Amino acid sequence: MSAPASPGAPEPLPASPVFVDPVAIDPARPHDGVDLAADGIVVDGLRRSFGGVHAVRAMTFHAKPGRVTGLIGPNGAGKTTLMLMLASLLAPDAGAIRVAGADPVRDPRAVRRAMGWMPDVLGTWRTLSPRQILVTVGRLHGLPERVARDRADELIVQARLEELANRPSRVLSRGQQQRLGLARALVHRPRVLLLDEPAAGLDPTSRLELRELLRGFATAGGTVLISSHDLSELDEIAQDAVFVDRGEVVGGERLVLARQAAREWRVRALDPRALSYQLASIGVAFDRVRLEGDVALIALDREEHAADLLQRLVAAGVPIVHFAPAVGDIERTYLGLAGGRR
Ligand SMILES: Nc1ncnc2c1ncn2[C@@H]1O[C@H](COP(=O)(O)OP(=O)(O)OP(=O)(O)O)[C@@H](O)[C@H]1O
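This structure is a prediction, so every number in the text was calculated from the model and none was measured. (Residues numbered from 1 in each chain as written. Predicted model: local features only at pLDDT ≥ 70, side-chain atom pairs only at ≥ 80, totals over all residues.)

1. Here's the deal with the nonpolar core
Part 1 of the reasoning: Counting 72 residues, the largest nonpolar core has Leu134, Leu194, Val224, Ile226 and Phe243 as its most contacted members.
Part 2 of the reasoning: Ranked by size, the runner-up nonpolar core spans nine residues in total, among them Val267, Ala269, Ala296 and Ile298. (Core = buried A, V, L, I, M, F, W, Y, C linked by C-beta atoms within 7 Å. Buried ≥ 20, exposed ≤ 12 C-beta atoms within 10 Å, placed from the backbone.)

This is how it looks when you write it as structure tokens:
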């Protein structure tokens, strides 16, 4: 447990994401691995095929309340199929799901009450205005007319859609549609949020607002599962990560190796020539260094090597102005997994 920060102390660095490892679960007693009675999203031995295509073949993980969990995987890995099953829109062939304790197969209404879902495209209702859409969704969730209207007004302000609130939603830009999609997912104050590429098309301000909203939602005890290919965004937002590939959650040795894959460090010096010279004289192999203008990208296996290199460069008098990992943990692991698969 970390010690409480003393007053005036600098903010602690965010902890690295926790990588969900299904192999840590005893295969002889799979039900000991995830507790179906736990809150949040619990997925146990989930399977779904389309004819001969095994879209989801063995998924087990727990997205915990109070945390933002990233769902990461290449095209065709089974993310959308999984999300459709979580949202009670597709029946699994085998396995179990609980969303805030509810089973989407037996009690889809309870799941829809507990969950807000933001698919990657807003979908139909293009002739309705954002206000009409939010009121209608509120009414579908059983909110009384007055409450649905007030909630719609509140969300329109939060989504900064005031000027477009009464225009047909087809005139909304991609980013505005995304903001409306998120507002729609939040109408009934769900405890669980399921988001597919929520940051796509968002401008930098809207991305910051999204991050704050999701962190606030999780801090208040909500569960967030985000599927995205935007790994740098996920590195900013997610505390936990579930990697999927070919219908399975990736774990065990493959995940450990991917997490140990070399990571590029971005290094910039006021004098780039002095930097190049010292890298060569320290003995950093040429194939470990890429130059992008004045910036050197150096592949290093361990953080200790980065610390050692920085110390040597500074001791040699190189005027370093930037020395940091070029990618976050999630992106590095994904690239490690993709590298191992090629
Ligand atoms: N309705 C369907 N009928 C047949 N095959 C399907 C169907 N839905 C998905 N699949 C197949 O299942 C696999 C998983 O697809 P899915 O859409 O879940 O992947 P994904 O991880 O969401 O991919 P992406 O990142 O490209 O969105 C793919 O091979 C896909 O072709």
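Don't stop here, the text continues.
2. A short note on the site of the ligand
Part 1 of the reasoning: Every residue close to the ligand is listed here: Phe50, Val53, Ala55, Gly73, Asn75, Gly76, Ala77, Gly78, Lys79, Thr80 and Thr81.
Part 2 of the reasoning: Contributions of two or more residues to the shell around the ligand are made by strand 3 (53-63) and helix 1 (79-86).
Part 3 of the reasoning: Here the element with the most residues in the shell around the ligand is helix 1; it accounts for three residues.
Part 4 of the reasoning: By residue class, the composition of the shell around the ligand is four nonpolar, six polar and one charged. (Near = placed C-beta within 6 Å. Helix = DSSP H or I, 4+ residues; strand = E, 2+ residues; numbered from the N terminus. Nonpolar A, V, L, I, M, F, W, Y, C, P; charged D, E, K, R; others polar.)

3. Brief notes about the packing of helix 3 (residues 130-140) against helix 4 (residues 145-158)
How two helices sit against one another is set out by the angle between their axes and by the gap between those axes.
Part 1 of the reasoning: Orientation of helix 3 relative to helix 4, taken along the N-to-C sense of each, is 135°, at an axis distance of 8 Å. Our classification of the angle between helix 3 and helix 4 gives oblique. Between helix 3 and helix 4 lies a crossing whose hand is right-handed. The residues of helix 4 that touch helix 3, namely those facing Pro130, Arg131, Leu134, Val135, Gly138 and Arg139, are Glu145, Ala148, Arg149, Arg151, Ala152, Leu155 and Ile156.
Part 2 of the reasoning: Residue composition of the contact of helix 3 with helix 4, by class: seven nonpolar, one polar and five charged. (Axes fitted to C-alpha atoms, helices over the stretch in contact; angles between N-to-C directions. Parallel < 35°, antiparallel > 145°, perpendicular 65-115°, else oblique. Left-handed = near helix turned anticlockwise from the far one by under 90°. Contact = placed C-beta atoms within 7 Å.)

4. Some words on the confidence of the model for the protein
Any segment with low pLDDT has predicted coordinates that should not be analysed in fine detail.
Part 1 of the reasoning: Per-residue confidence for the protein averages 86 on the pLDDT scale, and 89% of its residues sit at or above 70.
Part 2 of the reasoning: Scored below 50 in pLDDT, residues 1-15 shows two contacts in the model against residues more than four places distant or in partner chains. (pLDDT = per-residue confidence, 0-100.)

5. Digging into the packing of helix 3 against helix 5 (residues 174-186)
Part 1 of the reasoning: At their nearest, the axes of helix 3 and helix 5 sit 9 Å apart, and the two run at 20° to each other. One finds that helix 3 runs roughly parallel with respect to helix 5. By crossing handedness, the relation of helix 3 to helix 5 is classed as right-handed. Contact with helix 3, carried on its side by Pro130, Ile133, Leu134 and Val137, involves Leu180, Ala183 and Arg184 of helix 5 and no other residues of that element.
Part 2 of the reasoning: Class assignment of the residues belonging to the contact of helix 3 with helix 5 gives a composition of six nonpolar, no polar and one charged.

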